[in-house]
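Listed below, chain by chain, are the residues.
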Amino acid sequence: MYKNGLTYGKCTTIVLLTHIIMLLAILLRGKYDTPQDILPLAVAVIGLDLTYSIVLRFLYRQMTYTLDFVLLLLINISVMFQSCFGGVGFAAKHYVTCIVALAVCQVGFLLTRNHVWIQSKKIVLYILLGVLILSILLLTGSRSMWINIGPISIQPSEFMKPVFVLICATSIREQHEKKKILFFYVSKEMMILTGAFIVIVGLQWWCRDLGSLPTFAAAYGCALACRLCYPKAKFSKKTIIGISAIAAILVALALRFAPGYVQNRLSVDIWNQMEGDGYQQCKALIAIAEGGLFGKGPGCGSLYKVFASDTDIVFSTICEEWGFLVALLSILILMAMMLLPMINKPRSYFHTTMILGCVAVLIVQMGLNIFGSCNLIPFTGVTIPFISQGGSSMITSGFLAGMLKAGQSPVFKKPEPKKKKAKARKAVAAA
Amino acid sequence: MKSIQSIRRGERLTILILIVFFLGMGVLVWKVVKESSFYMSHSDDVTLGMVYDRNNQILFDPNASTETYDENYFLDVGNVIGDDSGQMTNTLVSENIEKLQNYSLIFGATPHGKTAIYSTLDHKANQTVYNAFGSKNGTAIAYNYQTGEILVCVSKPSVNILDNYSNISELPDGSLICKAFYETTPGSTQKIATTAAALETFGYDGLMSKTYTCNGIYTTKYNQQIKCHDLNGHGTQNIVQGFENSCNPFFAQLVQDMPLDNIIQTYTRMGIAVNDTKMQKIQFDGLSSFSASTKLTDTSDFDTMWSCMGQSEALASPLQMMLWESAIANASGKVTEPYLIDHTTNVTGSTKYEAKTTYGENNIFSAEVASQIKQIMRQNGQERYSSIGYPVGVKSGTAQVQNGASENSLLVGFNDDPNLPIAFCVVIEDRVSGEISTSDIVSTMLNALNQN
Amino acid sequence: MLDKLLSSLQGIPAYSILISAVVVIFIAVSVLVMFGTARQEKEIEQLRWEKVSAHMALYDTSRRVVIPLEADEILIGRHGAADIRFTDMSVSRYHAVLYVSNGVWSIMDLDSKSGTFVNGRRIRSQVKLKDMDEIRFGTKSVIIRQRRRKQNV
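Just so it is clear, the model here is predicted, and its values are computed rather than measured.

Here we look at the interface of chain B and chain A
- Across the contact, 29 residues belong to chain B and 37 residues belong to chain A.
- Listed by contribution, the elements that provide at least two residues to the side of chain B that touches chain A are α1 (5-40) and β4 (108-109) of chain B.
- Broken down by element, the residue count for the side of chain B that touches chain A peaks at 20 residues, all from α1(B).

Here you go:
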């Protein structure tokens, strides 16, 4: 019996069974020297399954657990994917970041489940965003997005994503705090949001990291759509046309004056530049074809030799080893995770807009990665949430998943002025 | 439960994003399904299947070597069927390599799959024709004008793919292309097209009643001389005699009497690119071929007259000349579209693609004109080419190439027999009298095809 | 022995397809099970929501209908965008917002022209609501009351 009164026997069993079946598939089809090679992976995966189920059962207090199970399913599948690239082994680093992501998911949930509380802390969010931006400006090497601390490299711009999504989220109350500037009623908060977005865009431009720009643009676009359409109820045609025209002009200008390397990337004919700019994409597409629907078998692929095979073109690597169908289904699990809040609907406007932002960020990342590596859109170096390797992106994705969960098991308590701090401490302690 | 409206709006946007992504995934799946064979053509994993001829003789084997095949086994089809080495383009294998892959999206790469292309060629006849050329170079192409199956396609000099291009620098010019698909000077065979234009302009009776006199040399009104190959002159002739004699002064005067627009109209419908208009290449089974082109400016002009007689600016591919014969032989005015692939099989051995007989969309000339030309050509065949031994309708041609340094001998025509419906075009390069003639090769070819 | 078993298994035709198909089926089934569980959770969540919202609902006295309160922020007004819409001309387009917190509903006026009244008194700031309170938007009046009590009566 879980805290909400349901038993999750079916969920636990099916998650465990799916993982065992996949481990069996590795045993039966994989490339390894001795069957003992699979043992560490099997122990790690099944161990995490059981441990997390127990943690969920006894330690987590929430109304919905499905998202946790979906996340567990996905994360262990991802561990198995990553462990098999180019031969069965155990991706210990990825495994650790996965566990961290699970923990961060809970932190994200606890921080955002009470929207009144998080809204009262919005000023902290702005400060956090400012700190992150400053850290990028000051701590990273010249014009890069990475901070290197010993063996660990951190990408602060990743952490900006959930913060920005939270800033984008809004409640009805906030939307009605409006002032008339010239002819428009604009809320103060909207102005700050736009300012923050412009700063982020400028920063990304300066850092030459245009890959994650669409992610922020999507989150901002959704926030804008929510705010614009709110007072009008129906999408006013004039507004929509006007906004899309401005957006189109901005995009066109951006493309026109984009730095040379960006423009090169937009117009790569990959099959004519198989040894040059199109190398990764060509290899990725060939790998998808080579794998066919059912794959060559875990560890039997050859794409792992290509640079960024476990991050930017991870979809193709999975396609080659596990087959197109399994790769598509793992994407389906991710989509299912985002569909869950649509089944168990949020009860507050703030959570709705927050979920919208999370979904926009996650989907845009997935889209950029998958469609980019398959040459449907220009290739950018972004990651698939939870499936690609990478600490910063894992933690960010975990936090976003926690926000999705918060929308489903919200808390409606207005913190009493004096007890505010105590409650917050309690919330952190529960994590 | 009806959810609150302000929340529902956010949900709708969320679902919209998910749907857009889902559609994107749909596009991706469609793209992969459609293009996976293309991606595989860049892979090292895949093996190729065989190409067979119409009697299941092997025309291409990816693992061919001199140990398993006779030294000259592939010589006659070297530059038509080609191979996967990438040295040649516009060959059956190089243009259809995706269809030959032992690969399917479902099963992945299968090393011993049953993928194959079954060609319409008759390897035995092809070899016979190739050998018939002896020491001469040239090209011969023949197809069934009722169905469109290409039965013989020879281009000499050819390349022996079993040599693995070790002697590529020593190969003579033109070894790596199938000349039947490239332009050549058509010579007097162009007079078929000119006759068609005349028939359309004057009508059958009108043309039959026209006679012109040949004194060996005809002087145009711009005072240019058109010489006949018989400088003694042919005397006064009608179209049938002029056609048989292939009399240049006769056709020069005929062209002069015709409005330029009529000739251009007929030529254009036949697929000849007149005066730098864009040429429609002939495309079939991934292969592409030159069709025909010419320049016409003034029907009294020396160059225009010669262009109408297959010299000067006139160019045509042997394939195109052969295709015109199908419209005449069928007496329909419609070209039977050619094909070289009869059917293909996939990895599991089941038939994936099967060729169908198709005809050109538009008549190149009316069925009436077609049967009238057929009659003229048949008469020519009966009277001058009975040595072939088949009821053929033909037109010969002698094309001066390299500024008159050498002469190519051409013969285009058809066998007017429903049991052996063959249209053909034979070109012997740099032929001097006394050597093997085009009619000998046609005779050999029809005999070889008749046996099978 | 395991090696022997594996190599003998690999002789089975379409062996790899079979295994992949099983994996695919299991992943698909687990996604479906998750959706099924999510639907169960939805029912529980609905029950909990009723507890959070103290079983409260609005009761439109003139039309005699019950308006459920399904979110913690509810916009009331004449505009099509409003969550609860009253077409009465005395109601402003965006008239007032209802909130719930700790199981207590409260109402806030959004600078409406005709004002919002609780039990006949015009409100200026956020006001907490009790069971059976009468709320008036302009001339439109509704009663907030517990659903269960209505069933008992």
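Alright, that's what it looks like, and here's the rest.
Focus: helix α12 (residues 438-451) of chain B
Residues and elements named next belong to chain B.
- Between its first and last C-alpha atoms α12 spans 20 Å; for 14 residues at 1.5 Å apiece the expected length is 20 Å, and the two agree.
- Every buried residue of α12 is accounted for by T438, S439, I441, V442, T444, M445, L446, A448 and L449.
- Contacts made by the buried residues of α12 are with α4 (123-132), β6 (138-144), β7 (150-156), β19 (392-401), β20 (406-415) and β21 (422-428).

Some details on helix α10 (residues 318-329) of chain B
All names here are of chain B.
- A rise of 1.5 Å per residue sets the reference length of α10, with its 12 residues, at 16 Å; its end C-alpha atoms lie 16 Å apart and thus fit the reference within 8%.
- With respect to burial, α10 is a largely interior element, 12 of its 12 residues being buried.
- Along α10, the residues that are buried comprise P318, L319, Q320, M321, M322, L323, W324, E325, S326, A327, I328 and A329.
- Positive phi appears at A331, one or two residues downstream of α10, with a value of about 55°.

Side note on the environment of A:F216
Residue and element names in this part refer to chain A.
- The residue F216 is located in helix α10 (residues 213-232) in this model.
- When the C-alpha positions of F216 and M22 are compared, they lie 35 Å apart, and in sequence the two are 194 residues distant.
- What F216 contacts, discounting residues up to four positions off in sequence, is F164, F197 and I200.

A short note on the interface of chain C and chain A
- Of the residues lining the interface, 43 residues belong to chain C; the matching set on chain A comes to 51 residues.
- Of all the elements in the fold, those that place two or more residues in the side of chain C that touches chain A are α1 (2-9), α2 (15-52), β3 (73-77) and β5 (96-101) of chain C.
- The biggest single contributor to the side of chain C that touches chain A is α2(C), with 27 residues.
- Of the residues that constitute the side of chain C that touches chain A, the class distribution is 27 nonpolar, nine polar and seven charged.

Thoughts on the pairing of β19(B)
Residues and elements named next belong to chain B.
- Along β19, seven of the 10 residues are buried, which leaves the element largely enclosed by surrounding structure.
- Pairing geometry for β19 and β20, over 10 bridges, is antiparallel. Bridge assignment links K395 to a residue of β20, and that residue is V412.
- Following β19, the chain reverses through four residues before pairing antiparallel with β20; Q402 in that reversal takes a positive phi of roughly 50°.

Digging into unusual backbone geometry
Residue and element names in this part refer to chain B.
- For the bond from K156 to P157, the omega torsion is 0°, close enough to zero to count as cis.
- One can find P157 in the loop between β7 and α5 (191-208).
- Positive phi is not limited to glycine here, since D430 has a value of about 50°.
- As for its position among the elements, D430 is in the loop between β21 and α12.

What counts as what
- Residues numbered from 1 in each chain as written.
- Chains lettered and ligands numbered in written order.
- Predicted model: local features only at pLDDT ≥ 70, side-chain atom pairs only at ≥ 80, totals over all residues.
- Contact = placed C-beta atoms within 7 Å.
- Helix = DSSP H or I, 4+ residues; strand = E, 2+ residues; numbered from the N terminus.
- Expected span 1.5 Å × (residues − 1).
- Buried ≥ 20, exposed ≤ 12 C-beta atoms within 10 Å, placed from the backbone.
- Nonpolar A, V, L, I, M, F, W, Y, C, P; charged D, E, K, R; others polar.
- Pairing = 2+ DSSP bridges.

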